[in-house]
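Close look at the chain arrangement
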Amino acid sequence: MTTVRFLGVGEDRPKRSIRLPGWLASYLQAAPLALILGAFLLVPIVMIGVVSFWDYDFAQMYPDFVTFNYSETLGSWVTWKTYLNTIKFAAIVWAITLFIGFWVAYFLAFHIRSAAMQTVLFLVCTVPFLTSNIIRMISWIPVLGRNGLINSALVSSGIVAEPVEWLLYSDFAVVLAMVHLYTLFMVTPIFNTMMRIDRSLLEAARDAGASGWQTLANVVIPLAKPGMAIGTIFVVTLVMADFSTVQVMSGGQSASVALMMKNQMSLLQYPAAAANAVVLLVLVLLMVAAILRVVDIRKEL
């Protein structure tokens, strides 16, 4: 006998849930982020690539497909020297920030026992970075200038007979300002990586008779490599794209790819600047790919 159940007054009917296939649900969840990345990352990059093949004159751009923007970029010795100069800045700043950042992170992670004190000291490191990059960069001018603090102290103490000229408006000033601006981007990922190192590994190394330097070389540095790689990516990409520091701190005596692109845009040479942007992007991606081939940073992401 079939039983028929009647719903009483006020009794809700059973709700039917719509189940989507697993692959469709995953795509729908990723759609908002994909749209944002596509609109604000992929579309601008594609537009830069398209404009790099356009023609132009002193007044406007002309949609076309020409390759002389790339031939002028890759066929000019001046452009190659500019790229080499940019890579030189990136390599020097990377080496100095890696050295400073590693030891600052090592001190905070292993020599400060209290978590509260670690947080306080890390915040102290970040306080200068709450101000504008331009302000922190310009603040070096009264320190390094001909009549600045350093030259005044050297002359008054009799160490030098006349002010040192290469302290400001030189490659030294550019590197110093960049190190000041970007060291925190190396400290933070290395510190986060070192905080994840199991302290029992250090105790085991000491129990096995390893010295402090042996523990550092065989335990700490290998385990800190992912943080060092992430910091390297940050610093190198920031230095390669920096033009204001090179322009101000060198007094116009040094050049970089980003500064060259800025000058081209000021002259309305947008296709040439776009071609340089594409070449610079490819160069940076090759550097990042080389780093990722050496160090696996997926555990840190």
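Residues numbered from 1 in each chain as written. Predicted model: local features only at pLDDT ≥ 70, side-chain atom pairs only at ≥ 80, totals over all residues. Heavy atoms only, no water.

An unreviewed UniProt entry lists the protein chain under the name ABC transporter permease, with Ciceribacter ferrooxidans given as the organism. Within the UniProt record for the protein chain, the comment given under Sequence similarities (unreviewed entry) is "Belongs to the binding-protein-dependent transport system permease family. CysTW subfamily." Per UniProt, the comment on the protein chain under Subcellular location (unreviewed entry) is "Cell membrane". (UniProt positions renumbered as here; feature names shortened; annotations may be inferred.)

**Some words on the UniProt feature "domain: ABC transmembrane type-1" (unreviewed entry) in the protein chain**
Sequence positions flagged by UniProt for "domain: ABC transmembrane type-1" (unreviewed entry) are, in local numbering, residues 83–291. Taken end to end, residues 83–291 comprises 76% helix and 0% strand; its first and last C-alpha atoms sit 20 Å apart. (Helix = DSSP H or I, 4+ residues; strand = E, 2+ residues; numbered from the N terminus.)

**Considerations on unusual backbone geometry**
Look at Tyr 169: it is not a glycine, yet its phi comes out positive at around 55 degrees. Tracing the chain through its elements places Tyr 169 in the loop between helix H7 (149–156) and helix H8 (171–182). In this structure, Leu 268 takes a positive phi of about 65 degrees despite not being glycine. Looking at where Leu 268 falls in the secondary structure, it is placed in the loop between helix H13 (257–266) and helix H14 (270–294). For Leu 268, a relative accessible area of 37% translates into the label partly exposed. (Buried < 20%, exposed > 50% of the residue type's maximum accessible area, 1.4 Å probe, protein only.)

**With respect to the UniProt feature "transmembrane region" (unreviewed entry) in the protein chain**
Summarizing the sequence annotation, UniProt attributes the feature "transmembrane region" (unreviewed entry) to residues 23–54, 87–108, 120–141, 172–191 and 270–295 in the numbering used throughout. With 100% helix and 0% strand, the stretch residues 87–108 has end C-alpha atoms that lie 31 Å from each other. Within the segment residues 172–191, helix and strand shares are 95% and 0% respectively, and the terminal C-alpha atoms sit 28 Å apart.

**Looking at the domain arrangement of the protein chain**
Assigned domains of the protein chain: these are domain 1 (4–52) and domain 2 (76–299). The gap between the C-alpha centroids of domain 1 and domain 2 is 41 Å. Between domain 1 and domain 2 the total buried area reaches about 380 Å² when both faces are included, carbon and sulfur atoms providing 85% of it. In terms of surface lost to domain 2, no three residues of domain 1 exceed Ile 48, Val 51 and Ser 52, which account for 81% of the buried area on that side. Our enumeration of links across domain 1 and domain 2 arrives at zero salt bridges. (Domains from an automatic or database assignment. Buried area = accessible area lost by both parts, 1.4 Å probe. Salt bridge = Lys/Arg side-chain N within 4 Å of Asp/Glu carboxyl O.)

**Points about the packing of helix H10 (residues 199–207) against helix H11 (residues 212–240)**
Packing of H10 against H11 leaves a shortest axis separation of 10 Å and a crossing angle of 165 degrees. Accordingly, the angle class assigned to the pair H10 and H11 is roughly antiparallel. Our pair here, H10 against H11, has a crossing hand that is right-handed. Contact with H10, carried on its side by Leu 201, Leu 202 and Ala 205, involves Thr 215, Val 219, Val 220 and Leu 223 of H11 and no other residues of that element. Class assignment for the residues of the contact of H10 with H11 results in six nonpolar, one polar and no charged. (Axes fitted to C-alpha atoms, helices over the stretch in contact; angles between N-to-C directions. Parallel < 35°, antiparallel > 145°, perpendicular 65-115°, else oblique. Left-handed = near helix turned anticlockwise from the far one by under 90°. Contact = heavy atoms within 4.5 Å. Nonpolar A, V, L, I, M, F, W, Y, C, P; charged D, E, K, R; others polar.)

**What about the side chain of Asn 85?**
On the secondary structure map, Asn 85 appears in helix H3 (residues 77–111). One polar contact links the side chain of Asn 85 to the main-chain carbonyl oxygen of Ala 255, over a distance of 2.6 Å. Residues contacting Asn 85, with those up to four places away along its chain left out, are Ser 254 and Ala 255. (Polar contact = N/O pair within 3.5 Å; in protein donor to acceptor, adjacent residues only side chain to side chain.)

**So, a nonpolar patch on the surface**
Judged by side-chain polarity, Leu 33, Leu 37, Leu 41, Leu 42, Ile 45, Leu 281 and Leu 285 come together as a nonpolar surface patch covering roughly 630 Å² of accessible area. Listing elements by their share of the nonpolar patch, those giving two or more residues are helix H1 (22–51) and H14. Of the residues forming the nonpolar patch, the biggest block, five residues, is contributed by H1. Mapped onto the fold, Leu 37 is located in helix H1. Residue Leu 37 is classed as partly exposed on the basis of its relative accessible area, which comes to 42%. (Patch = residues over 30% accessible without salt bridge, like charges linked within 9 Å, V, L, I, M, F, W, Y side chains within 5 Å. Areas by Shrake-Rupley, 256 points an atom, 1.4 Å probe, with all protein chains shown as cover.)

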